[in-house]
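# Summary of the model geometry
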Amino acid sequence: MSIASTIIQNTPIFGKMFTVDKSTGLEEINAWPALMIMASFVWLAVAGLLGFVMPATQIFDLDTGHFYTTLTLHGAALAFPFSFQLMMGVGLHRSGGCVGKAVTGVFPALAFITMNLGAALLTVAVLMGLKVSLIVMYPLPIVGAQMGIWSMNSVILGFTGIYLVLACMILCYPILVLKMLFFGTKRPELVLSERSLNDPGMLGMTLSALTLLIAGTPLVIVGTTVLFALYGIIPMTMAAWATEPVVFQYAFFIFAHNLMEAMALMVMSAMYATLPLYLADGTRKLFSNRIANAALWILLLTSVTSFLHHFITLYPNQPASLSYWGNIMSWGTGIGAALSIFTVLATVWQHGLRAEPGIIAVLAGFVLYILDGASAMVTSNIAWAFQLHGTMWQSGHTMTVIVAMSMMWMGVLYHHYPVITGRKLDPVLGVWFVRLFAVGGIGAALSMLAGGAAGMPRRFAAWNQEGWMIYGHLIWIFGLILGASFVVYAYSLLKSRDISSPVVRQVAAA
Amino acid sequence: MLDFLFTGWGAFWMTLFMLLPFAFIFFYVIHRKSVVDSGPSGSTDKKMSRLEGIWLTVVFVVFVGVNLASLKFMPTIASAHAATTRTDIQSIDLSAKSWAYELSSREIEAGRPVRFSGRSTDTMHGFAVYHPDGRMLFTMMLMPGLSKPTSLVHTFKEPGKYKVRCLEYCGVAHHAMQDELTIVKSN
Ligand SMILES: [Cu+2]
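Residues numbered from 1 in each chain as written. Chains lettered and ligands numbered in written order. Predicted model: local features only at pLDDT ≥ 70, side-chain atom pairs only at ≥ 80, totals over all residues. Heavy atoms only, no water.

Time to look at the packing of aromatic side chains. Applying the stated criterion to the full structure yields 40 aromatic pairs over all chains. Between the aromatic rings of A:Trp32 and A:Phe112, the centroid separation amounts to 6.0 Å while the plane-to-plane angle is 55°, which identifies the pairing as tilted. Pair noted here: A:Trp32 is in helix α3 (residues 27-59) and A:Phe112 is in helix α5 (residues 106-127), with a separation of 80 residues, a long-range link. A residue is classified by how much of its surface remains accessible, and A:Phe112, at 14% relative accessible area, is buried. The interplanar angle of 20° and the centroid separation of 5.6 Å between the aromatic rings of A:Phe52 and A:Trp476 together place this pair among those described as stacked. Residue A:Phe52 is located in helix α3, and its partner A:Trp476 is located in helix α17 (residues 469-494); the two are separated by 424 residues in the primary sequence. On the accessibility criterion, A:Phe52 (36% relative accessible area) is partly exposed. Relative accessible area serves as the criterion here: at 17%, A:Trp476 is assigned to the buried category. An aromatic cluster is defined as three or more aromatic residues linked by ring pairs; in this entry it consists of A:Phe18, A:Phe41, A:Phe82, A:Tyr414, A:Tyr417, A:Phe433, A:Phe437, A:Phe486 and A:Tyr489. Stacked on the ring of A:Trp432, the Lys or Arg A:Arg435 has its end atom at 4.8 Å from the ring centre. In this structure, B:Lys33 is placed above the aromatic ring of A:Trp349, and the distance from its NZ or CZ to the ring centre is 5.5 Å. (Phe/Tyr/Trp six-rings, centres within 6.5 Å; stacked < 30°, edge-to-face > 60°. Helix = DSSP H or I, 4+ residues; strand = E, 2+ residues; numbered from the N terminus. Buried < 20%, exposed > 50% of the residue type's maximum accessible area, 1.4 Å probe, protein only. Lys NZ or Arg CZ within 6 Å of the ring centre and 35° of its normal.)

It is worth spelling out the sheet that holds strand β5 (residues 125-130) of chain B at this point. Residues and elements named next belong to chain B. Spatially, the five strands line up as an open sheet ordered β3-β9-β8-β5-β6, and their pairing is mixed. The open sheet has two free edges, formed respectively by β3 (107-109) and β6 (136-142), since each of these has just one partner strand. Taken over all neighbouring pairs, the strand axes of this sheet differ in orientation by 25° on average, direction set aside. Where β5 lies against β6, six bridges are found, and the strand directions are antiparallel. Paired with Gly126 across the strands is Met141, a residue of β6. (Pairing = 2+ DSSP bridges. Axes fitted to C-alpha atoms, helices over the stretch in contact; angles between N-to-C directions.)

Turning our eyes to something else, we now look at helix α7 (residues 152-182) of chain A. Residue and element names in this part refer to chain A. Look at α7: 43 Å from first C-alpha to last across 31 residues, which is about the 45 Å you get at 1.5 Å a residue. By the largest-angle criterion, Cys168 marks the main kink of α7, which is about 40°. Most of α7 is tucked away: 23 of the 31 residues are buried. Just downstream of α7, Gly184 is the residue with a positive phi angle, here 80°. (Expected span 1.5 Å × (residues − 1). Bend = angle between axes of the 7 residues up to and from the residue.)

Quick look at the environment of B:Leu181 now. All names here are of chain B. With respect to the helices, strands and loops of the structure, Leu181 is situated in strand β9 (residues 178-184). Judged by its relative accessible area of 0%, Leu181 is buried. Between the C-alpha atom of Leu181 and that of Glu52, which follows or precedes it by 129 residues, the distance is 52 Å. Residues in contact with Leu181, not counting those within four places in the same chain, are Leu103, Ser105, Arg106, Ile108, Phe116, Val129, Phe156, Gly160, Lys161, Tyr162 and Val164. (Contact = heavy atoms within 4.5 Å.)

Moving on, we get to the pairing of strand β7 (residues 150-154) of chain B. Residue and element names in this part refer to chain B. Burial analysis of β7 places five of its five residues in the buried class, which makes it a mostly covered element. Side chains of β7 alternate between two faces, with Thr150, Leu152 and His154 and Ser151 and Val153 buried alike. Where strand β4 (residues 114-120) lies against β7, five bridges are found, and the strand directions are antiparallel. Of the residues in β7, the one forming a bridge with Gly118 is Thr150.

Over its 33 residues, α3(A) runs 48 Å from end to end, which matches the ideal 48 Å to within 8%, given 1.5 Å per residue. Just beyond α3(A), the residue with positive phi is A:Asp61, at close to 55°.

Between side chains of opposite charge, pairing is possible as soon as their charged atoms come close. All names here are of chain A. With the rule as written, the count across this model stands at ten salt bridges over all chains. Note that Arg187 is salt-bridged to Glu189, the shortest N-O span being 3.0 Å. Several salt bridges share partner residues, and in doing so they unite Glu28, Arg187 and Glu189 into one network. (Salt bridge = Lys/Arg side-chain N within 4 Å of Asp/Glu carboxyl O.)

Looking now at the coordination of the copper ion. Residue and element names in this part refer to chain B. Within the protein, the copper ion binds to His125 (ND1), Cys166 (SG), Cys170 (SG) and Met177 (SD); these donor distances fall in the range 2.0 to 2.6 Å. Taken together, the four donor atoms surrounding the copper ion define angles of 90 to 127° at the centre, an arrangement classified as tetrahedral. Spacing between the donor residues of the copper ion along the chain follows H-x40-C-x3-C-x6-M. You can see His125 sitting in strand β5 and its partner Cys166 sitting in the loop between β8 (160-165) and β9, a full 41 residues away along the chain. For the residue pair His125 and Cys166, the accessibility class agrees, reading buried in each case. (Donors = N, O, S within 2.8 Å, 3.2 Å for Na, K, Ca; no water. Tetrahedral: all angles 85-135°; square planar, octahedral: opposite > 155°, others 65-115°.)

As a further point, take the nonpolar core. The biggest cluster of nonpolar side chains holds 252 residues, and the ones touching the most others in it are A:Tyr369, B:Phe116 and B:Phe156. Among the elements that take part in this core, helix α10 (residues 245-274) of chain A stands out by supplying 19 residues, more than any other. With near-sequence residues (within four places) excluded, A:Tyr369 lies in contact with A:Ala264, A:Met268, A:Leu299, A:Val401, A:Ala404, A:Met405 and A:Met408. (Core = buried A, V, L, I, M, F, W, Y, C linked by side-chain atoms within 4.5 Å.)

Moving on to the interface of chain B and chain A. Across the contact, 79 residues belong to chain B and 83 residues belong to chain A. Buried area between chain B and chain A, summed over both chains or domains, comes out near 7100 Å², and the portion from carbon and sulfur atoms is 72%. For the pair chain B and chain A, the number of links is one salt bridge. Between A:Glu466 and B:Arg165 there is a salt bridge, with its nearest N and O atoms 2.6 Å apart. For the interface between chain B and chain A, the tally reads 25 residue pairs in polar contact (both at pLDDT 80 or more). Elements with a contribution of two residues or more to the side of chain B that touches chain A: α2 (8-36), α3 (45-70), α4 (75-85), β6, β7 and β8 of chain B. If one sorts the elements of the side of chain B that touches chain A by residue count, α2(B) sits on top with 19 residues. (Buried area = accessible area lost by both parts, 1.4 Å probe. Polar contact = N/O pair within 3.5 Å; in protein donor to acceptor, adjacent residues only side chain to side chain.)

Another point: the packing of α7(A) against α10(A). Residue and element names in this part refer to chain A. It is the contact of α7 with α10, at a shortest axis distance of 12 Å, that shows an interaxial angle of 50°. What the angle tells us is that α7 and α10 run oblique. For the pair α7 and α10, the sense of crossing is left-handed. Residue-level inspection shows Phe159, Leu166, Met169, Ile170 and Tyr173 of α7 in contact with α10, the latter providing Phe248, Phe255, Leu259 and Met266. Looking at the contact of α7 with α10 residue by residue, the classes come out as nine nonpolar, no polar and no charged. (Parallel < 35°, antiparallel > 145°, perpendicular 65-115°, else oblique. Left-handed = near helix turned anticlockwise from the far one by under 90°. Nonpolar A, V, L, I, M, F, W, Y, C, P; charged D, E, K, R; others polar.)

The next subject is the side chain of A:Asp426. Its place among the elements puts A:Asp426 in the loop between β1 (423-424) and α16 (427-453). There is a polar contact of 2.7 Å between the side chain of A:Asp426 and the backbone nitrogen of A:Val428.

A few words on the confidence of the model for chain A. Residues and elements named next belong to chain A. The share of residues in chain A with pLDDT of 70 or more is 98%, and the mean pLDDT across the chain is 92. Within chain A, the lowest mean pLDDT, 86, falls on strand β2 (residues 497-498), and the highest, 97, falls on helix α14 (residues 382-388). The low-confidence segment residues 503-510, where pLDDT is below 50, has twelve contacts with residues more than four positions distant or belonging to other chains. (pLDDT = per-residue confidence, 0-100.)

Listed below in structure tokens is the structure:
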């Protein structure tokens, strides 16, 4: 039995949700992905709780330090060990089934360990006092240590944690995916749904892995240099080039921006692969693979350089020409989105849809993703960027893109769950999950965007300063609804039934 | 109208303008083709590709239109324009350090352009100026270690007290990093 299966079996509560079915002979493509998905839900529980505490610290006027602690932990837990790891799990299971290769060996183990150990170390560092937000705000960690706000030990521990997480996202996971797609021999018994590179369901997967590896490599070089200097392996003077804020910031955002785009490419490709399976007339194909692929290529090409929109307000230290370019490219991603929208709607229009909770969750996540895309384009326009940068608008955008993609993955998981565990999920609970998630997700997104429109700063422990607390309350309420949807989802995983047992209640009853 | 569109709330309505028609059509299609009648709709490929052409054209026109209209409101363009056409620009040098600002002056004449040139001496900071009515007028990102200051030219229209806030998270007292500018009537 795989180590991954053993860990799942020995994990209380969460282990019960993801016990791998060993009767199918598919353990080699199921065990590590199931472990990753399980771990991602553990982190979701942590992130969800922190997301609930964060506004509460302001509403109940607690010490501002608690706000910055929960802010750092909530953001980091949601983005990396939850969202990214969920994508890794479902994505690797998909990759394995598409090309008939086992998800076993050193790389899945490394990806799992680096992500979870890294996130755990970062958590400890934050609890030791390091409050640097999800995006590190370099050189804040160092400056804070020099000012005596937190210890240098917490900085070293935190950096080590972040480094491990980055190593997972930039090296372990993409290399594993590319290795599976292009090397090794296919084992027919592991093929679930064979796909070629012309297939949008596989093209996105490939582009995504390449994006992570290529856009992340500069950050790995900078990060390694900084880490070596922190550990005293090389003298600080040798790391001076990498510790320059402008070097670190640009290397960080080239990656961080493209990380989100790579995750979008991956989930789009999963949507393109899943949608045809739920068409009412049994066609099992998209309206047009050509248009779907074009959408992925446009998204890739425009998004690589649209990261420049992060530095528009640094003018003229970021030359205006680069900001104009970032502005145009950001809106160019919208053309890719327009093609995706058309493909989805045309496919459903021509062939009809079997409305099962999984695919409805994917489509609702897609709506949220488009809402987020619109908000991202607006704030990437230079005129608006100067009035929205650093406000809750950006937090709304970041949270929404993560929540939207996670919802799409949770929908895709509905489809793969029976193959992995040999059990199926209750459709009635599924419908409730989708309803609550849609209301909570869209409500929280709009509340945060409205806060930003009203000038409410992000990462800011004094919402009462200018009457912004109203948005804080709204975010809290919709956040609770979002949290409730996760509880329903988790409950449905716990209550999953053996695949052979008849489904007593039908969706129609919901 | 355009003056309102290119504010924070204008951005909010613009986002809804892009979202709502999409969301409406999306829900209509999904509902109709899954609940009402999931049978094939029999639309020809020719009809679909014409629809695709119309959809992309609409999207393209909206995208280009909005961005062209925004040119007038871009601080990068306004700054470059003022620098080449005005000789009466006031100037304010500012320096940010956790968690306060040093400003060469806190009084500015309304109606006359003012150039803000800002630096940070420790970590990342912001310099955001808020109108007395609460909306943010602009923000600047101040990054330590750069040889040039972050800089832009702004013309205040109305006199009053304008709050300054740091909008780049800079540690535990970030929310207390504030200042104030006084805009006076031009003489
Ligand atoms: Cu500051």
